[in-house]
Amino acid sequence: MKETDYFPYEDIIDLPHPISKIHRPMALADRAAQFNPFAALTGYDDEIREAARFTCEKILLAEDEKQALDKKLQALLLRIEEQPDVEVVYFVADEKKSGGSYQTIQGTLKKMDMLHPALILHDGTRIEVQDILRLESRIFDGLPGDEG
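Residues numbered from 1 in each chain as written. Predicted model: local features only at pLDDT ≥ 70, side-chain atom pairs only at ≥ 80, totals over all residues. Heavy atoms only, no water.

A.B. asks: Please provide a residue-by-residue account of the sheet that holds strand E3 (residues 118–121), values included.
C.D. replies: The five strands are arranged E4-E3-E2-E1-E5 in an open sheet whose pairing can be described as antiparallel. Unpaired on one side and paired on the other, strand E4 (126–128) and strand E5 (132–136) mark the two borders of the sheet. Averaged over all adjacent pairs, the angle separating strand axes in this sheet is 35 degrees, with direction ignored. The pairing of strand E2 (residues 100–113) with E3 spans four bridges and is classified as antiparallel. (Pairing = 2+ DSSP bridges. Helix = DSSP H or I, 4+ residues; strand = E, 2+ residues; numbered from the N terminus. Axes fitted to C-alpha atoms, helices over the stretch in contact; angles between N-to-C directions.)

A.B. asks: Before we move on, could you go through the side chain of Asp131 and cite the residues and values that matter?
C.D. replies: Of note, Asp131 is situated in the loop between E4 and E5. A polar contact is formed between the side chain of Asp131 and the side chain of Lys58, at a distance of 2.8 Å. Not counting chain neighbours up to four residues away, the residues in contact with Asp131 comprise Lys58, Val89, Tyr90 and Phe91. (Polar contact = N/O pair within 3.5 Å; in protein donor to acceptor, adjacent residues only side chain to side chain. Contact = heavy atoms within 4.5 Å.)

A.B. asks: Account for the pairing of E2, with residues named and values stated.
C.D. replies: Bridge analysis of strand E1 (residues 85–93) against E2 gives nine bridges, and the strand direction is antiparallel. By the bridge assignment for E2, Val86 is matched with Gly107. The hairpin formed by E1 and E2 contains six residues between the paired strands, and Gly99 there has a positive phi angle of roughly 90 degrees. The antiparallel hairpin formed by E2 and E3 contains four residues in its connecting segment.

A.B. asks: Which residues make up unusual backbone geometry, and what values do they have?
C.D. replies: Residue Gln83 is not a glycine yet carries a positive backbone phi of 50 degrees. Mapping Gln83 onto the fold places it in the loop between helix H3 (63–78) and E1. Classification of Gln83 as partly exposed rests on a relative accessible area of 36%. (Buried < 20%, exposed > 50% of the residue type's maximum accessible area, 1.4 Å probe, protein only.)

A.B. asks: Outline the pairing of E1, listing residues and values.
C.D. replies: Across four bridges, the pairing between E1 and E5 is antiparallel. Of the residues in E5, the one forming a bridge with Val89 is Arg134.

A.B. asks: Mind laying out the pattern of salt bridges, listing which residues take part and the relevant values?
C.D. replies: Across all of its chains, the model carries ten salt bridges by this definition. Residue Arg134 is joined to Glu87 by a salt bridge in which the shortest nitrogen-to-oxygen separation is 3.5 Å. Of the two residues, Arg134 is situated in strand E5 and Glu87 in strand E1; the sequence distance between them amounts to 47 residues. Taking relative accessible area as the criterion, Arg134 reaches 39% and is therefore assigned partly exposed. Where Glu128 meets Arg126, a salt bridge forms, and the shortest distance between an N and an O atom there is 3.0 Å. Relative accessible area serves as the criterion here: at 27%, Glu128 is assigned to the partly exposed category. A single salt-bridge network, built from bridges that share partners, covers Glu50, Arg53 and Asp94. (Salt bridge = Lys/Arg side-chain N within 4 Å of Asp/Glu carboxyl O.)

A.B. asks: Could you give me a rundown of the nonpolar core, with the residues and numbers involved?
C.D. replies: Within the largest apolar cluster, 19 residues are counted, with the highest numbers of intra-cluster contacts made by Leu73, Leu76, Val88, Leu119, Ile127, Ile132 and Leu135. With near-sequence residues (within four places) excluded, Val88 lies in contact with Gln103, Thr104, Ile105, Leu119, Ile127, Ile132, Arg134 and Leu135. (Core = buried A, V, L, I, M, F, W, Y, C linked by side-chain atoms within 4.5 Å.)

A.B. asks: Break down H3 for me, citing the residues and quoting the values.
C.D. replies: The terminal C-alpha atoms of H3 lie 23 Å apart, and with 16 residues this matches the ideal 22 Å at 1.5 Å per residue to within 8%. Taken together, the buried positions of H3 are Leu69, Lys72, Leu73, Ala75 and Leu76. The buried residues of H3 all sit within an arc of 160 degrees when viewed along its axis, so they share a single face. Structural note: H3 exposes Glu63, Asp64, Gln67 and Leu78 on the side pointing more than 90 degrees away from its buried face. Looking at the buried side of H3, the elements it contacts are E1, E2, E3 and E5. (Expected span 1.5 Å × (residues − 1). Arc of directions from axis to C-beta.)

What follows is the structure in structure tokens.
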């Protein structure tokens with residue numbers, strides 16, 4: 001075996017790097033982009049994340065819970081001019097898949113829409129009555145059947 005068999009490029013290793021007279025050198029950012037991982041299935045990662053995102057089903061109130069909520073809504077309606085502070089836990093349907101999530105909001109009640117039953121807060125938040133799970137306010141203290 002010859003010594004050059006171990007170093008096959010020994011004859012060119014110290015030569016200057018050739019520079020093209022026709023093509024401009026590629027920018028370093030473009031060179032680096034050649035080695036980025038290739039996503040063969042564009043959007044697949046987003047679909048996996050979306051499928052894994054948790055949603056819950058809407059809780060249906062029992063008859064006695066509906067009646068208690070109705071009493072609270074009547075009390076709010078009678079004292080709407082006081083613009084009472086309320087805390088509402090309500091269901092928000094998910095825009096992309098079935099189910100949704102429960103949100104809790106605290107605010108000042110501005111008015112009640114009786115045509116399309118909803119609470120409207122001063123910040124503009126509209127909460128459909130059918131989506132309310134729990135409703136609390138200081139004006140409920142002392143209402144019959146109110147536990148807290």
